[in-house]
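# Understanding the architecture of this molecule
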Amino acid sequence: MHSDNLIARAKEGDQNAQGKVVQLWYKRIYNFSFKFFLNHDLAMEVSQKTFISMCKNLPALQDNARFKSWLYKIAVNYCREESRKKKSNRSLSFDLVWNREAEDSPQWESSGHRIDDPERQLQHRELADVLQEALMEINEEQREVVIMKEYEGLKFREIAEVLNISENTVKSRMYYGLDGLRKVLERKNINKETIGYGI
Amino acid sequence: MGYKASEQDLMAYLYGELEGKEKEMVEQYLLENADARLELEKLKQLRHALGQIKDKEVIAPPIFVGDSRPPFIWNAPYFKTIVSIAASLLIVMLVGRLSGLQIGYADNELRMSFGKPAQPRETVTVRPAESLTSATVQQMINTSLQQNNLAMQESWAETQKKLDESIVKNLASNSAKIDNLVKASSAASQQQIRDFVSTIQAENVQAVKSYFQLSSAEQKQYVESLLVDFAKYLQQQRNDDLQVVQTQLNSLQQNTNTFKQETEQILTSIISSVGNNNSQGTKY
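Presented here is an overview of the structure given in this document. In this text, all values refer to a predicted model and were calculated from it rather than measured experimentally.

## Side note on the packing of helix H2 (residues 15-37) of chain A against helix H10 (residues 140-151) of chain A
Residue and element names in this part refer to chain A. At a minimum axis separation of 10 Å, H2 and H10 run at an interaxial angle of 140 degrees. One finds that H2 runs oblique with respect to H10. Relative to H10, H2 is oriented so that their crossing is right-handed. Across the interface between the two elements, Asn31, Phe32, Lys35 and Phe36 from H2 touch Arg143, Ile147 and Tyr151 from H10. Broken down by class, the residue content of the contact of H2 with H10 amounts to four nonpolar, one polar and two charged.

Right under this line is the structure:
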């Protein structure tokens, strides 16, 4: 995706090289953040902060070969920071919180948009949206791993480096993340027939 | 035998990150274990489904990074703080100098003042009065009382004298006025009294005469009007009586006529009924 030479020039303060790195990696970081939050504004916020931080701290990067995991580490930290802010600012109505249906199902599912018939559901919602929303239902640690592995194509070793945890822990989170996703989709009657591929 | 693929192994195998012997062991395990095969198949299908989420296209906005050069010493926060404190102290000192602020501590007393310090005032020593004996004090009191008594006696005598003079003067004045009045009243002559009495009598006669004249005229007028009213009353009464009599007569006349008509009707009826009876009797 990039050459070590480009990173080297960016580290030396070459603004053209830094701009090039931003151009190369912005889409990846934005999509990682978007899948994490399912929110364009937050994804843009995280992406901006990530690349500003990257430009400032690039000279401190010791091993250019680890640029990818280093960049994702910055992005993950900002995602977690925004998530904490979001949680502290979130306010739900009492009825929504004490909705028995909502205890077993996510907030978006218990809303008026829920349609029991999967075929009708697919008529109204794109499968990608349903999957994306299912992603939002698994916990953040698993979501980070699933997105980095499934969509960003990082190796388990790289993810472990990003999250500063063991490779086995990464694989466990991946396994339980996928298992959780499968259960969420089963609960929504999203199966082989409804999406044409099967789960 | 006895090998069981862990979750970590399955994940590594699923994403193609197993190689060599480990990969072979997992494949062997999957061949021997249908449940594990099924689970792996489901995970593959899930991955396939997750592949439906495509990346969103986004254009990288320009990233503006501030000056990355190390900050100068005066941009350091601690430097700014120290300079701020020093500037504040300098301002305080300058204001103190201009306003002549004096601050001192002496004898457990903190003094803050503006301008020149006040000079201590000269102390005036008050010498204690010489001691007085009770006899001296008594003598002073007695002397004072005597002086006071004498002054009061003089005042009283003078007041008494003024009062006596005033009484004598008033008596003389009043007696002179009374004498004058008596003399004036006795000077009035008998003739004047008689003239006064005759004048009063004449006035009285004239008043009584005019009163009687006026009274007799009014009485006459009143009696005349009374007689006229009485005559009118009698005339009115007579007319009313005549009207009543006339009404009674008319009523009597009317009754008589009615009675005559009724009598005629009865007689006619009797006659006609008698005639009918006779004709019926003839018929039968």
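## Considerations on the pairing of strand S1 (residues 101-106) of chain B
Residue and element names in this part refer to chain B. Within S1, only zero of the six residues are buried, leaving the element largely exposed. Taken together, the six bridges between S1 and strand S2 (residues 109-114) define a ladder with antiparallel strand orientation. Following the sheet pairing, glycine 104 is matched in S2 by arginine 111. Counting the residues that bridge the hairpin from S1 to S2 gives two residues, and of these aspartate 107 lies at a positive phi of roughly 55 degrees.

## Some thoughts on unusual backbone geometry
All names here are of chain A. Phi angles above zero are rare outside glycine, and leucine 38 is one such case at about 55 degrees. Of note, leucine 38 is situated in the loop between H2 and helix H3 (40-57). Phi angles above zero are rare outside glycine, and asparagine 164 is one such case at about 60 degrees. Note that asparagine 164 resides in the loop between helix H11 (156-163) and helix H12 (167-187). On the neighbour-count criterion, asparagine 164 (8 C-beta atoms within 10 Å) is exposed.

Parameters at a glance
Residues numbered from 1 in each chain as written. Chains lettered and ligands numbered in written order. Predicted model: local features only at pLDDT ≥ 70, side-chain atom pairs only at ≥ 80, totals over all residues. Axes fitted to C-alpha atoms, helices over the stretch in contact; angles between N-to-C directions. Helix = DSSP H or I, 4+ residues; strand = E, 2+ residues; numbered from the N terminus. Parallel < 35°, antiparallel > 145°, perpendicular 65-115°, else oblique. Left-handed = near helix turned anticlockwise from the far one by under 90°. Contact = placed C-beta atoms within 7 Å. Nonpolar A, V, L, I, M, F, W, Y, C, P; charged D, E, K, R; others polar. Buried ≥ 20, exposed ≤ 12 C-beta atoms within 10 Å, placed from the backbone. Pairing = 2+ DSSP bridges.

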